[in-house]
Amino acid sequence: MRGFAMIDPNETGFIEKDDPEIGPRDALVKPLVVAPCTSDIHTVYENAIGPRHDLILGHEASGEIVAVGDEVKDFKVGDKVILPAVTPDWSDVNSQAGFASHFGGMLGGWKFSNNKDGVFATRIHVNDADGNLAHLPLGMDPGVATMLSDMIPTGFNADELAHVEYGDTVAVIGIGPVGLMALRGAVLHGAGRIFAVGSRPQAIKVAKEYGATDIIDYHDGDIADQIIEKNNGQGVDRVLIAGGDSEHTFDQAVRMTRPGGSIGNVAYLNGNDNIKINASNWGVGMANITIDGGVMPGGRLRMEKLASLITNGRLDPSLLITHTFDGFDKIPDALELMHNKPADLIKPVVYISDID
Ligand code: NDP
Ligand code: ZN
């Protein structure tokens, strides 16, 4: 098979490998659509998961099954499927403990483009097919479906981590594709006022369409100051972090949260950084402000439920897709867009109709 890989840190390229072998509960999938993630950029250019050699990148895809193991019950060759970014082994006891994305150790469920080859490949190995794959709903565009791999489940996870409730005032820090999904998730959870922090014009337009009531540009001054001032001197109920940096963002998030409020982080933080929080901003340690952070939970049931939001018209992820490519060889172009983040970019996808 062919794959687009991290050859070494800061170096990418196409490589050839043997097709993966499948076990009795696994599936082999050929991609229909793949999308690069900001995490691929952290992996290649920012040493996020350490040095890797010839690791095929990518963890967002929809595809078509080309082979299944003997024990796979609900999927067969020819089925069109959505692949999640996180693919735990669901029979593992650690998965049953409730945090399957960390089965076998911290972030252990994040396998694609982390501890096994990713989806930028002509053949993709999916472990535990019945537990991890979801059928592509009839009539759903595979590009739209690819937003179910990571952007929707990750963004919505920020709302779950922060426990957004009806009428809450919410601040969403970062309105790239992940933050925009956190924002839309907040609307679906019943949030009232929603502050959205970002500056790229296309993302701001979509943030308003998804339900942001106020846009805050971090270039215009401290975002906590701006939000507290607009919120009549009060902190907000929930803060969803999907962008920013370790040095300032957590302190700002704590400062803009009311006592008893909560913060959900889904942004990647550089492992060499320390998170800074001023003790006074955290009520000298007594503010009853909860901070949680997580990697997206995987699982077929969750993906099918999130897909039902799309098929029933409650969520339109097509607004995220600003750039479309056609052909396996265009994957590097899409990744480079993610690297450069031009002002009109939210999310690129690559349709792949040129492989057997
Ligand atoms: P983007 O780079 O597209 O978006 C980042 C956002 O943060 C942009 O809106 C940007 O604003 C904003 N931002 C940048 N600097 C600041 C700042 N100083 N203060 C406030 N806001 C700022 O990223 P994605 O949406 O693709 O991904 C977001 C994060 O989620 C990444 O760290 C990614 O690795 C992580 N992630 C986590 C996953 C998980 O399971 N937990 C899964 C997938 C991704 P501007 O409009 O100016 O660009
Ligand atoms: Zn990702």
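Residues numbered from 1 in each chain as written. Chains lettered and ligands numbered in written order. Predicted model: local features only at pLDDT ≥ 70, side-chain atom pairs only at ≥ 80, totals over all residues. Heavy atoms only, no water.

> Whenever I open this one, the domain arrangement of the protein chain confuses me. Can you help?
Interface extent is often summarised as the accessible area lost during association of the parts. On domain assignment, one finds that the protein chain holds domain 1 (2–150 + 296–351) and domain 2 (155–293). The centre of domain 1, based on its C-alpha atoms, is set 27 Å off from the matching centre of domain 2. Roughly 1,700 Å² of surface becomes buried between domain 1 and domain 2 when both sides are summed, with 66% attributable to carbon and sulfur atoms. It is L319, L320 and I346 that lose the most area in domain 1 upon contact with domain 2, and together they represent 30% of the buried surface on that side. At the boundary of domain 1 and domain 2, one finds one salt bridge. Salt-bridge contacts for E160 lead to R302; the nearest nitrogen and oxygen are separated by 2.9 Å. (Domains from an automatic or database assignment. Buried area = accessible area lost by both parts, 1.4 Å probe. Salt bridge = Lys/Arg side-chain N within 4 Å of Asp/Glu carboxyl O.)

> Teacher, can you tell me more about the pattern of salt bridges here?
Any two side chains of opposite charge can pair, given that their charged atoms come close. Overall, the coordinates contain 16 salt bridges when judged by the stated rule. The shortest N-O distance in the salt bridge between R258 and D237 comes to 2.5 Å. Of this pair, R258 sits in strand 13 (residues 257–265) while D237 sits in strand 12 (residues 236–241); the two residues are 21 residues apart in sequence, bridging distant segments of the chain. In this structure, a network of salt bridges that share partners links the residues D74, R300 and E304. (Helix = DSSP H or I, 4+ residues; strand = E, 2+ residues; numbered from the N terminus.)

> Help me understand the site of ligand 1 in this model?
If you check the shell around ligand 1, you find 27 residues, and the closest are T38, I175, S199, R200 and Y218. Between an oxygen atom of ligand 1 and a main-chain N or O atom of V178, the distance comes to 3.1 Å. Coverage of ligand 1 by the protein chains reaches 85% of its 950 Å² of free accessible surface. Mapped onto the shell around ligand 1, the elements with two or more residues apiece are helix 1 (38–45) and helix 6 (177–188). Examining the composition of the shell around ligand 1, we find that three residues originate from one element, helix 1, more than from any other. Its residues assigned to classes, the shell around ligand 1 shows 13 nonpolar, eleven polar and three charged. Taken together, domain 1 (2–150 + 296–351) and domain 2 (155–293) each give at least three residues to the shell around ligand 1, which thus spans both. (Near = heavy atom within 4 Å. Polar contact = N/O pair within 3.5 Å; in protein donor to acceptor, adjacent residues only side chain to side chain. Areas by Shrake-Rupley, 256 points an atom, 1.4 Å probe, with all protein chains shown as cover. Nonpolar A, V, L, I, M, F, W, Y, C, P; charged D, E, K, R; others polar.)

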